[in-house]
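Descriptive structure summary
As a plain string of letters, each chain reads:
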Amino acid sequence: MDSPVKVGFIGAGHMALAIAQGILKTDEVIPSNVMVSAPSKNNFHRFQDMGVVVTHSNEEVVQHSRLVFLAVKPHLVSTVLNGISKHVTPQHILVSIAAGVTLETLEQLLPSRSCVIRMMPNLPCMLQEGAVLLACGAAASQEVGSMLKNLLSPCGLVEVGPEAWIDAHTGLSGSGVAFAFVFAEALADGAVKMGMPSSLAHRIAAQTILGAGLLLRDTGKHPAQLRAEVCTPGGTTAYGLHALEKGGIRAATVDAVEAATERARELGRR
Ligand SMILES: NC(=O)c1ccc[n+]([C@@H]2O[C@H](COP(=O)([O-])OP(=O)(O)OC[C@H]3O[C@@H](n4cnc5c(N)ncnc54)[C@H](OP(=O)(O)O)[C@@H]3O)[C@@H](O)[C@H]2O)c1
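Remember, predicted model here, so these are calculated numbers, not experimental data.

Each value, and the rule that gives it
- Residues numbered from 1 in each chain as written.
- Predicted model: local features only at pLDDT ≥ 70, side-chain atom pairs only at ≥ 80, totals over all residues.
- Heavy atoms only, no water.
- Pairing = 2+ DSSP bridges.
- Helix = DSSP H or I, 4+ residues; strand = E, 2+ residues; numbered from the N terminus.
- Axes fitted to C-alpha atoms, helices over the stretch in contact; angles between N-to-C directions.
- Contact = heavy atoms within 4.5 Å.
- Domains from an automatic or database assignment.
- Buried area = accessible area lost by both parts, 1.4 Å probe.
- Salt bridge = Lys/Arg side-chain N within 4 Å of Asp/Glu carboxyl O.
- Near = heavy atom within 4 Å.
- Polar contact = N/O pair within 3.5 Å; in protein donor to acceptor, adjacent residues only side chain to side chain.
- Nonpolar A, V, L, I, M, F, W, Y, C, P; charged D, E, K, R; others polar.
- Core = buried A, V, L, I, M, F, W, Y, C linked by side-chain atoms within 4.5 Å.
- Buried < 20%, exposed > 50% of the residue type's maximum accessible area, 1.4 Å probe, protein only.
- Parallel < 35°, antiparallel > 145°, perpendicular 65-115°, else oblique.
- Phe/Tyr/Trp six-rings, centres within 6.5 Å; stacked < 30°, edge-to-face > 60°.

1. Points about the sheet that holds strand β6 (residues 115-120)
Reading across from one edge, β3-β2-β1-β4-β5-β6-β7-β8 is the order of the eight strands in this open sheet, with mixed pairing throughout. Of all the strands in the sheet, the pair left with one neighbour each is β3 (53-55) and β8 (156-160). Strand-to-strand, the axes of this sheet are offset by a mean angle of 20°, without reference to chain direction. Sheet topology note: the strand β2 (residues 34-37)/β3 ladder contains three bridges and is parallel. Paired with S37 across the bridge in β3 is T55. Packed on one face of the sheet, helix α4 (residues 77-84) meets β1 (7-10), β4 (67-70) and β5 (93-96) and runs near 150° to β4. The strands touched by helix α7 (residues 166-174) within the sheet are β6 and β7 (130-136), with β7 carrying the most contacts at an inclination of about 175°.

2. A closer look at the domain arrangement of the protein
The domain architecture assigned to the protein consists of domain 1 (7-167) and domain 2 (174-269). If you average the C-alpha positions of domain 1 and of domain 2, the two centres end up 32 Å apart. The partner domain 2 presents eight residues to the six residues of domain 1 that form the contact. Together domain 1 and domain 2 conceal approximately 560 Å² of surface at their shared face, both sides included; 54% is due to carbon and sulfur atoms. Where domain 1 touches domain 2, the interface holds one salt bridge. Ionic pairing is found between R217 and E129, a salt bridge with its closest N-O pair at 2.8 Å.

3. A closer look at the site of the ligand
For the ligand, the set of nearby residues contains 24 residues, the closest of which are A12, M15, S40, N43 and V72. Contact between the ligand and H14: an oxygen atom at 3.0 Å from a side-chain N or O atom of the residue. Taken together, the residues that form the shell around the ligand break down as 16 nonpolar, seven polar and one charged.

4. Quick notes on the nonpolar core
V7, F9, I23, F69, M119 and L152 are the most contacted members of the largest nonpolar core, which totals 39 residues. For this core, the element with the most residues is helix α1 (residues 14-23), which contributes seven residues. If we ignore the near neighbours within four places in the chain, the residues touching I23 are V7, F9, V29, F69, L151 and L152. Of all hydrophobic cores here, the second largest spans 23 residues; its members include L103, L106, A135 and I166.

5. Quick notes on the packing of α7 against helix α8 (residues 176-193)
Two elements in contact, α7 and α8, have axes separated by 4 Å at closest approach and are oriented at 25°. Between α7 and α8, the angle falls in the class roughly parallel. For the pair formed by α7 and α8, the contact residues are T170, G171, L172, S173 and G174 on the first element and G176, V177, A178 and F179 on the second. Its residues assigned to classes, the contact of α7 with α8 shows four nonpolar, five polar and no charged.

6. Focus on the packing of aromatic side chains
The full count for this structure, using the stated rule, is one aromatic pair. Judged by centre distance (4.9 Å) and plane angle (10°), the ring pair of F9 and F69 falls under stacked. Of the two residues, F9 is situated in strand β1 and F69 in strand β4; the sequence distance between them amounts to 60 residues. Since its relative accessible area comes to 1%, F9 is described here as buried.

Structure representation (structure tokens):
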């Protein structure tokens, strides 16, 4: 890829901002080489504050950039791609983050042999702690996938895999964030029931989940091993875990990931 990399975003929403913030942490992209488009000015100030160029023209973004992120809502993808398609060349790399829009659909809407990548981020990308899965289209080489993986690394964990995993990733990680929020809420509810003030309980619940996540990520240990390390025979955690298992937490969580994955599949077929 040319240096410095010219990057464009079609759509100036939450995800575009999160990805732009991540990419600008690398040395490979400078703000004046990034351009973002949207119909209104509503979100432009957040990009302008970073030194990113803004425009109302999606076509200008494609003409300016080699790497183009498509960051509009899924129902707008076909309209937007119809508008830019004539400017897309074999040198472009088009990365769609639109949930449920398949590589096949994207490739059909673009000139043949266009280099297309499907990317599924999650909300913590906003804090550079996201979990991102990339799936390469037919004309996207392994090198392009690796280049993108490097460029996106400040956004969090970035992995490349087959498109068939994208829906499971959505269930695990996109929706999984909300599942973790429910668990945090329930943890705090338990402490409130035991007499702790609500705001303190919520702060401690958040820190507990953060700490557990960091331990999992940074030690690389299996969750069962870490759980065993916390669990003294006859102790508090053993009693608490028994209560959790009686409540069916494990089966309910597997069901939740399965249901979210199936729903992502269903939306993708529409
Ligand atoms: N948010 C998440 O957690 C998450 C996770 C995974 C994937 N995604 C995917 O990310 C995509 C964007 O989501 P988001 O949450 O960032 O949405 P968002 O905050 O609503 O942003 C959408 C952006 O698209 C712009 N837009 C609308 N019509 C356009 C057009 N014709 N041409 C160019 N830009 C246009 C909007 O412009 P204005 O600024 O003028 O309103 C806005 O800046 C979606 O496809 C979603 O499925 C989101």
